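Structure at a glance
Next come the chains, spelled out residue by residue.
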Amino acid sequence: MASTRNQALADWMTEHILTAGAVAALVNAQLSALTGRPGTATDRTIRRWLSGEVTWPQANQRMALARLTGLPLHTLGFAPRHPRPDIPGAERTGAPRRGMPLSPAQDVAAPVFRGPSARVGHSDVARLATKLTEVVDSDHRYGGTEAVENGAAALVRQALDLQQRGTMSTRVRNDLYALAAAFAASALHAATDGHRFPAAQEHLHQAVTLAGLSTDSAAQYLAWGLAGGLYRQLGRHTDALAAADVSRSLSINRRDALFASLAFMQTAVHRGGMRDEAAALRSIGRAQDALGRADLALPRPPWIRFYDQAGLDLFAVTTLVTLERWPDAEARAHHALALLRHRPALARNRHRGVVHLARAQLEQGALEPAAITIATIPSDAWHGRTGRLVTAFTARMRTLAPDAPETGTWTAYARHHGITVKRKDG
């Protein structure tokens, strides 16, 4: 017998502007919260629900759907093929509650196409550009989570799908490629931050390719700038510096001093990683000079709006910590954090500044202030690179002062929140 399409579920997805892949990701997140194990739903799982091939999902998936939507399963168009009357209310598996808020990385808008001959215009570009802002904002709040990475990757596919579904001007085509490159770069940044390096390298290849197709200097700048960050995390410092040189050579630097300043700061970080202190400090000075010439009120892509004096200071702190210039690092970190108080949306940057400040205090023997400083980072932010920096701080504290009461107190606190560091013998 032919399956009947589940129109109720399709309507709910349309109302919430969700693709099958996005619903699968949300269901898996609920499954993880419910069971403590990763969910296994895929976009094919959701398509089978939509087609009516599956009329009654597995029990744990029913629970996840009810929690996700706040609706009973029968309202979503599901019913067991052979209902059991002896289990009253079986179709209402899960405690329903009103719809949960969806993060921008998960709330992925599916393009509405008007047929193969549709005209794709600036309104389509503007809609996707709004999604880019949401992805960037999520990245600043949560750091390199897989949800941000997957949401950005889904938006790459949507931008490319628009390229194939209609006619458009050259300007619109280039803008779509530039947006696709920016989404790929966002996925690259999230994967790098989360140390998911194989995925990051795939996103890098895509970002560089799409940026080249866009002929957009800003998109190319973004792709190569993040390439440098990935290479640095991989220990490929020469490649990182070469990528920064590409970013710095692009025409956008001559048109906009803010881009030039950020390019110099990226170079400073890579020079610091190579222990080239003089060149690193010289690049910081050049970045500061360029920032002083920049008009911060100019319209720019959302991914560079984080960069101002606080952003420069944070890059400088990273460089100074690598160079082990602890008093300078502490002073820069204080300055960055004072400025970041006025930008609460940049939570991840604030947490990184706190870690670096704590590390600079620790290295100068101020154990108690260092422990108090780092404890201000919420434990739910101890993931991705922030989590690795907290772990490194804990290990360093145990090395420098293994028997100090402050070390014991902090280590117990860190262990309670999921960070353990093995004591080295000898």
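Residues numbered from 1 in each chain as written. Predicted model: local features only at pLDDT ≥ 70, side-chain atom pairs only at ≥ 80, totals over all residues. Heavy atoms only, no water.

**Considering the overall build of the protein**
Scanning the protein from N- to C-terminus turns up 19 helices and two strands. A sequence separation of at least 24 residues applies to 69% of the contacts in the protein between residues at least 6 apart. With an accessible surface of roughly 20,100 Å², the protein has 53% of that area assigned to carbon and sulfur atoms. (Helix = DSSP H or I, 4+ residues; strand = E, 2+ residues; numbered from the N terminus. Contact = heavy atoms within 4.5 Å. Areas by Shrake-Rupley, 256 points an atom, 1.4 Å probe, with all protein chains shown as cover.)

**Comments concerning the environment of P378**
When you line up the elements, P378 lands in the loop between α17 (367-374) and α18 (384-400). On a C-alpha basis, the gap between P378 and H417 in space is 10.0 Å, while along the polypeptide they are 39 residues apart.

**Things to note about the pattern of salt bridges**
The final tally for this structure, using the stated rule, is 17 salt bridges. Residues R196 and E149 are paired through a salt bridge, measuring 2.8 Å at the closest nitrogen-oxygen approach. On the criterion of sequence distance, the pair formed by R196 in the loop between α7 (170-193) and α8 (197-214) and E149 in helix α6 (residues 146-165) is long-range, its members being 47 residues apart. Taking relative accessible area as the criterion, E149 reaches 7% and is therefore assigned buried. A network of salt bridges, in which partner residues are shared, links E277, R325 and D328. (Salt bridge = Lys/Arg side-chain N within 4 Å of Asp/Glu carboxyl O. Buried < 20%, exposed > 50% of the residue type's maximum accessible area, 1.4 Å probe, protein only.)

**Overview of the packing of aromatic side chains**
For any two aromatic rings, the description comes down to two numbers: the centre-to-centre distance and the angle of the planes. Summed over all chains, the structure comprises 11 aromatic pairs. Taking the centre distance of 5.8 Å and the plane angle of 85° together, the rings of W49 and F78 count as edge-to-face. Highlighted residues: W49 in helix α3 (residues 43-51) and F78 in the loop between α4 (59-69) and β1 (118-119), separated in sequence by 29 residues. W49 sits in the buried class, given a relative accessible area of 2%. Taken together, the aromatic side chains of W382, F393, W410 and Y413 make up a single cluster linked through ring pairs. (Phe/Tyr/Trp six-rings, centres within 6.5 Å; stacked < 30°, edge-to-face > 60°.)

**Topic: the packing of helix α12 (residues 257-273) against helix α13 (residues 277-293)**
Following both chains from N to C, one finds α12 and α13 inclined at 165°, their axes separated by 8 Å at the closest point. The angle between α12 and α13 places the two elements in the roughly antiparallel class. The element α12 and its partner α13 pack so that their crossing is left-handed. The residues of α13 that touch α12, namely those facing A257, L258, A260, S261, F264, M265, T267, A268, R271 and G272, are A279, A280, S283, I284, R286, A287, A290, L291 and R293. The residue makeup of the contact of α12 with α13, split by class, is 12 nonpolar, four polar and three charged. (Axes fitted to C-alpha atoms, helices over the stretch in contact; angles between N-to-C directions. Parallel < 35°, antiparallel > 145°, perpendicular 65-115°, else oblique. Left-handed = near helix turned anticlockwise from the far one by under 90°. Nonpolar A, V, L, I, M, F, W, Y, C, P; charged D, E, K, R; others polar.)

**Things to note about α13**
For α13, built from 17 residues, the straight-helix expectation of 24 Å at 1.5 Å per residue is met to within 8% by its first-to-last C-alpha distance of 25 Å. Those residues of α13 lying buried are A279, A280, S283, I284, A287, A290 and L291. All buried residues of α13 fall inside an arc of 140° around its axis, so they share one side. Turned more than 90 degrees away from the buried face of α13, the exposed residues are D289, G292 and R293. Buried residues along α13 sit against α12, α14 (309-322) and α15 (326-340). (Expected span 1.5 Å × (residues − 1). Arc of directions from axis to C-beta.)

**Section: unusual backbone geometry**
A positive phi angle, near 60°, is found at R275, a position not held by glycine. Within the secondary structure layout, R275 lies in the loop between α12 and α13. Overall, the relative accessible area of 54% leaves R275 in the exposed class. At E324, a residue that is not glycine, the phi angle is positive and equals roughly 60°. Tracing the chain through its elements places E324 in the loop between α14 and α15.

**Some words on the confidence of the model for the protein**
Here the protein averages 86 in pLDDT, and 88% of its residues register 70 or above. Below pLDDT 50 for its whole length, residues 85-116 participates in 75 contacts with residues either more than four positions away or in separate chains. (pLDDT = per-residue confidence, 0-100.)

**Looking at the side chain of D193**
Residue placement: D193 occurs in helix α7. A residue is classified by how much of its surface remains accessible, and D193, at 7% relative accessible area, is buried. Ignoring any residue separated from it by four or fewer positions in sequence, one finds D193 in contact with G143, G144, R348, R352, G384, R385 and R388.

**A closer look at α17**
Looking only at α17, the buried set comprises L367, A370, A371, T373 and I374. An end-on view of α17 places all buried positions within 160° of arc, on one side of the element. Contacts made by the buried residues of α17 are with α16 (347-363), α18 and α19 (405-416).

**Here we look at the nonpolar core**
Within the largest apolar cluster, 98 residues are counted, with the highest numbers of intra-cluster contacts made by Y307 and W410. At 15 residues, the largest contribution of residues to this core is made by α7. The contacts of W410, once residues within four sequence positions are left out, are A371, I374, A375, W382, V390, F393, T394 and M397. The next biggest cluster of nonpolar side chains, apart from the first, holds 25 residues, and it includes V23, A64, L68 and L73. (Core = buried A, V, L, I, M, F, W, Y, C linked by side-chain atoms within 4.5 Å.)

**Description of the side chain of R385**
Secondary-structure assignment places R385 in helix α18. Lacking a salt bridge, the buried R385 has D193 as its closest oppositely charged neighbour, with an N-O distance of 5.7 Å. Apart from residues lying up to four places away in sequence, R385 is in contact with D193, R232, Q233, T318 and R352. (Lys, Arg positive; Asp, Glu negative; His and termini not counted.)

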